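Per-entry structural report
Spelled out from the first residue to the last, the chains are:
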Amino acid sequence: MTDTLTIRRPDDWHLHFRDGDIMRGVVPYTARQFGRAIVMPNLTPPVTTANLAAEYRERIVAAVPAGVDFTPLMTCYLTDTTDPDDLARGFAEGVFTAAKLYPANATTNSAHGVSDLAKIYLVLEGMEAEGIVLCIHGEVTDHDIDVFDREAEFIERHMRAIVRDFPKLKIVFEHITTADAVAFVEECGPNVAATITPQHLHINRNAMLVGGIQPHNYCLPVAKRETHRLALRKAATSGSSKFFLGTDSAPHLRGDKESACGCAGIFGAPYAIESYCIVFDEEDALEHLEAFASLNGPAFYGLPVNEETITLERADVAVPEELDLAGQTIVPWHGGQTIGWRIAD
Ligand code: DOR
Ligand code: ZN
């Protein structure tokens, strides 16, 4: 049995830092483990221009603890009126690494998202030409579509069309939750990949709904039935270069989760790499963790891999039931559980 595992320092290809005190509180958890992270732009107001992204990046960099080497990679929040030239300029200047497509009202702070894909076809054309990665929250928002079917429906209604119309566009299908998405990504060419969160590898929808509503297991897209979780585990641990790490860590205050209308999002950052390691260990696939966590993402984005390494070791760690963040309380993913891996000092 492997009790220690040394891998190149991983990166988180999808997470939410927020802004202000919460951002300053959460950045150190990510910087402790990851060399880089793709930072989602769904602030209020959203990060829609290169100037806003450059300013946001500065605020994040100022929150990285002294002596820690961590690079935030910024994304542009696409709207119906995104300026393709500003996006191209921001990318050329190294401010933007990717752009994020939120269908309007699909999730937290997505009201300014894209209402009709036709409105951003010129932007997508420019992105395809410039090699800018498109990160997609792949869920339809139609009220007549069941929440558990929204990802699969998005594939049929929109994903196939985007891939067909922009055959060279680099697309990351974010936080996939279904066997349908796994199959879709596998059948596409090498320009289409997907991120997978720790929670969607660990839980199915029962964890949210059985024995009472469990708001700390609620995120979007919602966890699906067990067959989908198993398909995600198989994809993540397969060694395929099309799947890589993206926590979708999304901090919400405890009170905002435990509410009559609880927020969507799981704060996965604090024990993220440990959480993935547990899954790869359970699947007897620890030899593929490095590819998923540290190699596939940089290869897809055309970035170098991190030079440093981290070592994971088998050990019991009691995850606190809650964390204090700027005087407020947040429940972390695995909160209150004892997990079997930790990062060695
Ligand atoms: O659960 C989620 N939380 N899913 C998202 O897509 C957004 C995120 C957030 O920002 O809270
Ligand atoms: Zn997200």
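Just above, that's the structure.
Residues numbered from 1 in each chain as written. Chains lettered and ligands numbered in written order. Predicted model: local features only at pLDDT ≥ 70, side-chain atom pairs only at ≥ 80, totals over all residues. Heavy atoms only, no water.

Considerations on the site of ligand 1
Not every one of the 13 residues close to ligand 1 is listed here, only the nearest: Arg18, Asn42, Thr107, Leu220 and His252. His137 places a side-chain nitrogen or oxygen 3.2 Å from an oxygen atom of ligand 1. At 3.0 Å, a backbone N or O of Ala264 approaches a nitrogen atom of ligand 1. Here the shell around ligand 1 is composed, by residue class, of four nonpolar, seven polar and two charged. (Near = heavy atom within 4 Å. Polar contact = N/O pair within 3.5 Å; in protein donor to acceptor, adjacent residues only side chain to side chain. Nonpolar A, V, L, I, M, F, W, Y, C, P; charged D, E, K, R; others polar.)

Thoughts on the coordination of the zinc ion (ligand 2)
Six octahedral donors around a metal ideally subtend angles of 90 or 180 degrees, whereas four tetrahedral donors ideally subtend 109.5 degrees. Only His14 (NE2), His16 (NE2) and Asp248 (OD) from the protein coordinate the zinc ion (ligand 2), and they sit 2.0 to 2.1 Å from it. Counting along the primary sequence, the residues that act as donors to the zinc ion (ligand 2) give the motif H-x1-H-x231-D. Assigned by exposure class, His14 and His16 land together as buried. (Donors = N, O, S within 2.8 Å, 3.2 Å for Na, K, Ca; no water. Buried < 20%, exposed > 50% of the residue type's maximum accessible area, 1.4 Å probe, protein only.)

A look at the nonpolar core
Core analysis: the biggest nonpolar cluster contains 89 residues, and Phe17, Leu78 and Ile162 have the highest contact counts within it. When residues of this core are assigned to their parent elements, the largest contribution, seven residues, is made by helix α11 (residues 272-282). The contact partners of Ile162, leaving out residues within four places of it in the chain, are Leu101, Leu117, Leu124, Leu134, Ile136, Leu169 and Ile171. Counting residues in each nonpolar core, the second largest holds 14 residues, with Leu73, Val133, Ala193 and Phe300 among its members. (Core = buried A, V, L, I, M, F, W, Y, C linked by side-chain atoms within 4.5 Å. Helix = DSSP H or I, 4+ residues; strand = E, 2+ residues; numbered from the N terminus. Contact = heavy atoms within 4.5 Å.)

Quick word on the side chain of Asn191
With respect to the helices and strands, the residue Asn191 is situated in the loop between α6 (179-187) and β8 (192-196). The exposure class of Asn191 is buried, given its relative accessible area of 15%. Looking at Asn191, its side chain comes within polar contact range of the main-chain oxygen of Pro167, at 3.0 Å. The contact partners of Asn191, leaving out residues within four places of it in the chain, are Phe166, Pro167, Lys168, Leu169, Lys170, Ile171 and Phe300.

Describing the state of the cysteines
Put plainly, two cysteines are in a disulfide when a covalent bond ties their sulfur atoms together. For the structure shown, the criterion picks out zero disulfides. Looking at Cys135, it has no disulfide partner, and the nearest cysteine sulfur is the one in Cys76, 11 Å off. Under the relative-accessibility criterion, Cys135 is labelled buried at 0%. (Disulfide = S-S within 2.5 Å.)

Quick notes on the packing of aromatic side chains
Enumeration according to the criterion identifies 12 aromatic pairs in this entry. Between Phe244 and Tyr301, the aromatic rings sit 6.4 Å apart at their centres with planes inclined by 65°, giving edge-to-face as the arrangement. Taken as a pair, Phe244 in strand β9 (residues 243-245) and Tyr301 in helix α12 (residues 289-301) lie far apart in primary sequence, 57 residues in all. Each member of the pair Phe244 and Tyr301 is classed as buried. Pairwise contacts between aromatic rings join Trp13, Phe244, Phe300 and Tyr301 into one cluster. When the ring centre of Phe300 is taken as reference, the NZ or CZ atom of Lys170 above it lies at 5.8 Å. For the cation-ring pair, Arg205 lies above Phe148, with the distance from its terminal atom to the ring centre recorded as 4.6 Å. (Phe/Tyr/Trp six-rings, centres within 6.5 Å; stacked < 30°, edge-to-face > 60°. Lys NZ or Arg CZ within 6 Å of the ring centre and 35° of its normal.)

Examining the sheet that holds strand β5 (residues 96-101)
What holds strands together in a sheet is hydrogen bonding between their backbones, with the strands either parallel or antiparallel. If you walk across this open sheet you meet the eight strands as β2-β3-β4-β5-β6-β7-β8-β9, and the pairing is parallel. Looking at the sheet topology across the chains shown, the edges are occupied by β2 (12-15) and β9. The average angle at which neighbouring strand axes cross in this sheet is 30°, direction not considered. Note that strand β7 (residues 171-173) and β8 share three bridges and pair parallel. Looking at β8, one finds that Val172 is bridged to Ala193. (Pairing = 2+ DSSP bridges. Axes fitted to C-alpha atoms, helices over the stretch in contact; angles between N-to-C directions.)

Without other data, these values stay purely geometric and don't point to any function.
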